[in-house]
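Descriptive structure summary
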Amino acid sequence: MEVRLRRVYEPPSAEDGRRILVDRVWPRGLSKDRARLDEWEKDVAPSTELRKWYGHDAARFEEFTRRYDAELAEPERAAALDHLRELARQGTVTLLTATKDVDRSQAAVIAGRLRDSS
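Every residue gets a number counted from 1 within its own chain, in the order that chain's sequence is written. The model is predicted, so local features are restricted to residues of pLDDT at least 70 and side-chain atom pairs to those at 80 or more, both for listing and for counting; the totals for chains, interfaces and linings are taken over all residues. Processing note: side-chain calculations cover all non-hydrogen atoms of the structure and skip hydrogens and water entirely.

**Examining empty space enclosed by the protein**
Each cavity reported here is a set of points on a 1 Å grid over the protein atoms alone in which a 1.4 Å probe fits but cannot get out, each pocket an open set with protein on both sides within 12 Å along at least five of seven lines, and each lining residue one with an atom within 4 Å of a point. Grid points are joined across faces, edges and corners, and a volume is the space filled by probe spheres set on the points. This structure, assessed with the given rule, holds one cavity of 30 Å³ or more. Along its surface, the largest cavity is lined by Pro46, Arg51, Tyr54, His56, Phe64, Ser105 and Gln106. For the lining of the largest cavity, the class distribution of residues is three nonpolar, three polar and one charged. When residues are sorted by character, Ala, Val, Leu, Ile, Met, Phe, Trp, Tyr, Cys and Pro go into the nonpolar class, Asp, Glu, Lys and Arg into the charged class, and all the rest, Gly among them, into the polar class.

**Topic: helix α3 (residues 61–72)**
Because an α-helix packs 3.6 residues into every turn, residues spaced three or four apart end up facing the same way. Numbering goes from the N terminus for both helices and strands, where a helix is a DSSP run of H or I of at least four residues and a strand is a run of E of at least two. Expected span, for any helix, means 1.5 Å times one less than how many residues it has. With 12 residues, α3 should cover 16 Å at 1.5 Å per step; its first-to-last C-alpha distance of 16 Å lies within 8% of that length. Here's how the labels work: a residue is buried when its accessible area is under 20% of the maximum for its type, exposed when over 50%, partly exposed in between, all with a 1.4 Å probe on protein chains only. What α3 keeps buried is the set Phe61, Phe64, Thr65, Tyr68, Glu71 and Leu72. The buried side chains of α3 occupy one side of the element, clustering within an arc of 120 degrees when seen end-on. Residues Glu62 and Arg66 are exposed on α3 and point more than 90 degrees away from its buried face. On its buried face, α3 sits against α2 (48–54), α4 (75–90) and α5 (106–116). Think of it as the arc spanned by the lines of direction from the helix axis to the C-beta atoms. Note on contacts: a residue pair qualifies if any of its non-hydrogen atoms lie within 4.5 Å across the two residues.

**Re the nonpolar core**
In this structure, Val22, Val44, Tyr68, Leu84, Leu95 and Ile110 are the most contacted members of the largest nonpolar core, which totals 22 residues. For this core, the secondary-structure elements that each account for two or more residues are α2, α3, α4, β4 (93–97) and α5. Sequence-distant contacts of Tyr68, that is, excluding residues within four places in its chain, are made with Val44, Ala45, Pro46, Leu50, Gln106, Val109 and Ile110. By size, the runner-up hydrophobic cluster in this structure holds five residues, among which are Leu21, Leu30, Ala35 and Leu96. Only buried Ala, Val, Leu, Ile, Met, Phe, Trp, Tyr and Cys residues count toward a nonpolar core, and they belong to the same one when joined by side-chain atoms within 4.5 Å.

**Regarding the packing of α3 against α5**
As a rule, the C-alpha atoms of each element are fitted with a line to give its axis, helices using only the stretch in contact, and angles between N-to-C directions run from 0 to 180 degrees. Orientation of α3 relative to α5, taken along the N-to-C sense of each, is 60 degrees, at an axis distance of 10 Å. It follows from the interaxial angle that α3 and α5 lie oblique. Once α3 is placed against α5, the crossing between them reads as right-handed. Contacts from Phe61, Phe64, Thr65, Tyr68, Asp69 and Leu72 of α3 reach α5 at Gln106, Val109, Ile110 and Arg113. When grouped by side-chain class, the residues that make up the contact of α3 with α5 number six nonpolar, two polar and two charged. Each angle receives one of four descriptions, namely roughly parallel if under 35 degrees, roughly antiparallel if over 145, roughly perpendicular if within 65 to 115, and oblique otherwise. Handedness of each helix crossing follows the sense of rotation of the near helix against the far helix: counterclockwise by less than a right angle gives left-handed, clockwise gives right-handed.

**Examining the layout of surface pockets**
Quantified by volume, the largest pocket comes out at close to 430 Å³. Lining the largest pocket are 19 residues; nearest its centre among them are Asp23, Val25, Pro27, Ala98 and Thr99. A breakdown of the residues in the lining of the largest pocket according to their chemical character gives eight nonpolar, four polar and seven charged.

**A few points about the pairing of strand β2 (residues 18–21)**
By the convention used here, strands pair only if DSSP detects at least 2 bridges between them. Sheet topology note: the β2/β4 ladder contains four bridges and is parallel. When the sheet's bridge partners are listed, Ile20 is paired in β4 with Leu95. In terms of strand pairing, β2 meets strand β3 (residues 39–40) through two bridges, oriented parallel. Directly across from Ile20, in β3, lies its bridge partner Glu39.

The quantities given are spatial measurements derived from coordinates; they are silent on function.
This is how it looks when you write it as structure tokens:
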């Protein structure tokens, strides 16, 4: 199982496999043509409240991860995560986010959960 992380603003790569946006909000200033997505799985994204609380403050990432893990257990998000898990079993998946710090984002948490289940 290969799960990759990238910013959605980066040009697509032949190694991306399925390109899946995991943000709840569409990336600012990006056209759908330029994004070249296979899917937009916004149901797996963190709640607006959690996203705003986190504010991409690196000092809060550990607590964000703990809270987000709890959200990922909720039925709608769990189903979306299962869908991503199934896609990853079929081939390379690239999780896309508009976040500047990809390694401290919901995409990184999702990738970790997918890799843990392989």
